[in-house]
Amino acid sequence: MNPLIALHDTLSHRILWPARQRWRALRREERGAFRAYQEGLQFRTVATDWSREARDVWVLARLRTTLRWAYDTTDYYRAQFERIGFDPRTDFGFDDFARLPVLTRADLQVNGPALRSRAVPSDEVSWNATGGSTGRPVEIWMGPEERGWRASGSEGSMRRLGVGIGIRRALLWGHHLDPVARASRKDKVADFLVHRRWYDCLRLSADILASYDRDLRRYQPRCIVAYASALAALADQLEVRGAPPPNYPTRCIVTGAEKLFAEQRAVIERVFRRPVHERYGSRDVGDMAFQYLARGDAHFDVDWPLVMVEPQSDEPESPILVTKLRGDAMPMIRYVNDDVARFPPGACPGHPAYQLEEIIGRILDRVMLPTGRWVHGAHFPHLLKDFPLRDFQVHQSADYSVRVRFVPTAVFGASHRAELEANLAANLPGIRVTVDEVDAILRTRANKWRPVTSEVPE
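Trainee: In this structure, what is going on with the side chain of Gln291? I would like to understand it.
Mentor: One can find Gln291 in the loop between β8 (286–290) and β9 (300–302). Residue class for Gln291 comes out buried when judged on its relative accessible area of 1%. Engagement of the side chain of Gln291 in a polar contact is seen with the side chain of Arg265, the distance being 2.6 Å. Apart from the residues lying within four places of it in its own chain, the contact partners of Gln291 are Arg265, Val276, His277, Glu278, Gly296, Ala298, His299 and Phe300.

Pasting the structure below:
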């Protein structure tokens, strides 16, 4: 280990980051978010071992505060609640809450300004947007309370793994606004303070991955935070090349931004030999759940002080509904975020779920069958894992036909193609399937891998 890098770790963790926090507390424009950040960290520490009953009491009280705030300060929710005859000033329960209408992405796109709270000054509100991987991006606004509680949730999760801010971290990450080089002085100062390095995953190739590997061996981050598909690509290349076992990360791996499939987890664990934790979140809501046990079958703990998560239906596998419990500038109540999860037994609409058994993926990532049934996108990585493919993507047209694009390895041959076509035909009965070999698979604007897309309406 380079002694300067080790010294930087100590400086960032013990001196630079604490000094930055004290400075934030003095700045008027950051004071509110910093106070919320501190409150969030302290509350999560106290409430970690609360019983289900204690959590229910707290969440219901917070839910009542949230709905009353939305009614009093936004045009959208005042109109919605009055239209259905719901009075948030009553001491309603979870079953009453379950009767409220859901909020869709289309609702956000059409009614954005009406969802803005009048009570948060405009100079305290920050703007953000989703990556637009499902079409038109969703714009959101956050006040100091939401920003602080979001940040404390993310930091609290990393602290539980022993890799809080200031501990040497590498980010194999990307962004739809394309920060190919964090070249501004502000970015460089921020990265130095918290001791992190960014490795852009928007433009990957064999040469780029090899250069990342060389730099990471020198840097030896304690933790890697990465897009699942990008880190799996790096692991696959190291394994195929027969490279020496990497000496990084020294502690753990956290994946996010996209679903971590079982085959990706397997190659990452084989190559890096470190625990792999999956994080579930989104830009419009924040980090919602974290997998603290480093196993593929481990559950996800919901960040219930930040969001209330519930199933949309009584089915074990259900679309997720999210209510922001700290949405000061833009309340979002029973928001359909277009993801599907497997909920624990007994989970039902209107009632908070504190764990998720599995994050299955996006609602849109599935192939529809003419019978009205469908094959979920999570099935295809498992279906194709034994074929010598570097990458693939399944796209369904509006006429139900399916085109499978794939990038083969050097050993892929005619027998593999025949077996692949037969396998797909057996799993997609009644659908015309075309299989095409390509040089590369395109990612979304946010550089996420969507293994399946479909133009067939639900």
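Trainee: Would you mind going over the state of the cysteines with me for this structure?
Mentor: Here, the word disulfide means a covalent bond between the sulfur atoms of two cysteines. Considering all chains together, one arrives at 0 disulfides under this definition. Between Cys223, a free cysteine, and Cys252, which holds the nearest cysteine sulfur, the sulfur-to-sulfur gap is 3.9 Å.

Trainee: How should I be thinking about the pairing of strand β17 (residues 389–396) in this particular structure?
Mentor: The two faces of a sheet get side chains in turn, since along a regular strand they alternate between them. Most of β17 sits inside the fold, with 6 of its 8 residues counted as buried. Where β17 and strand β18 (residues 402–408) come together, 7 bridges link them in antiparallel fashion. Across the sheet, residue His395 finds its bridge partner in β18, namely Arg403. Once β17 ends, the chain turns through 5 residues before running back antiparallel as β18, passing Tyr400 with a positive phi of about 80°. The pairing of β17 with strand β20 (residues 452–454) spans 3 bridges and is classified as parallel. When the bridges of β20 are listed, His395 appears paired with Thr453.

Trainee: Where do I start with the sheet that holds strand β6 (residues 252–256) in this structure?
Mentor: Where strands meet in a sheet, backbone hydrogen bonds hold them as pairs that are either parallel or antiparallel. An order of β4-β3-β5-β6-β7-β8-β9-β13 is seen for the 8 strands of this open sheet, with the pairing classed as mixed. For this open sheet the edge positions go to β4 (196–200) and β13 (355–356), each flanked by a neighbour on one side alone. Strand direction decides the pairing type here: strand β7 (residues 276–282) and β8, joined by 4 bridges, are antiparallel. Across the sheet, the residue bridging to Arg279 is Phe290, located in β8. Packing of helix α9 (residues 206–219) onto the sheet brings it into contact with β3 (169–173) and β4, and relative to β4 it is tilted by some 170°.

Trainee: Is there a simple way to think about the environment of Gly286 in this case?
Mentor: Secondary-structure assignment places Gly286 in strand β8. Placed 38 residues apart in sequence, Gly286 and Lys324 show a C-alpha to C-alpha distance of 9.4 Å. Those residues in contact with Gly286, other than ones at most four positions away along the chain, are Arg150, Tyr280 and Gly281.

Trainee: Explanation requested: helix α11 (residues 262–272) in the structure shown.
Mentor: Along an α-helix, residues three or four positions apart point the same way, because every turn accommodates 3.6 residues. All of the buried residues along α11 are Gln264, Arg265, Val267, Ile268, Val271 and Phe272. Looking at the buried residues of α11, the elements they touch are α10 (228–241), β6 and β7. Immediately beyond the C-terminal end of α11, within one or two residues, lies Arg273, with a positive phi of roughly 55°.

Trainee: I would appreciate a short explanation of the packing of aromatic side chains in the present structure.
Mentor: The description of two aromatic rings rests on the distance between their centres and on the angle between their planes. Inspection of the entire model under this criterion finds 17 aromatic pairs. Ring plane angle 35° and centroid distance 5.9 Å describe the contact between Trp50 and Trp304, whose orientation is recorded as tilted. Here Trp304 lies in the loop between β9 and β10 (307–311) and Trp50 lies in the loop between α2 (28–47) and α3 (52–73), a separation of 254 residues in the sequence. Of the residues examined, Trp304 reaches a relative accessible area of 7% and is grouped as buried. Pairing Trp58 with Trp304 gives two aromatic rings, centres 5.5 Å apart and planes at 75°, and the pair type is edge-to-face. Taken together, the residues Trp58 in helix α3 and Trp304 in the loop between β9 and β10 connect sequence positions 246 residues apart. Across the pair, Trp304 and Trp58 agree in class, each one buried. Taken together, the aromatic side chains of Phe43, Trp50, Trp58, Trp149, Trp304 and Tyr354 make up a single cluster linked through ring pairs.

Calculation criteria
Residues numbered from 1 in each chain as written. Predicted model: local features only at pLDDT ≥ 70, side-chain atom pairs only at ≥ 80, totals over all residues. Heavy atoms only, no water. Helix = DSSP H or I, 4+ residues; strand = E, 2+ residues; numbered from the N terminus. Buried < 20%, exposed > 50% of the residue type's maximum accessible area, 1.4 Å probe, protein only. Polar contact = N/O pair within 3.5 Å; in protein donor to acceptor, adjacent residues only side chain to side chain. Contact = heavy atoms within 4.5 Å. Disulfide = S-S within 2.5 Å. Pairing = 2+ DSSP bridges. Axes fitted to C-alpha atoms, helices over the stretch in contact; angles between N-to-C directions. Phe/Tyr/Trp six-rings, centres within 6.5 Å; stacked < 30°, edge-to-face > 60°.

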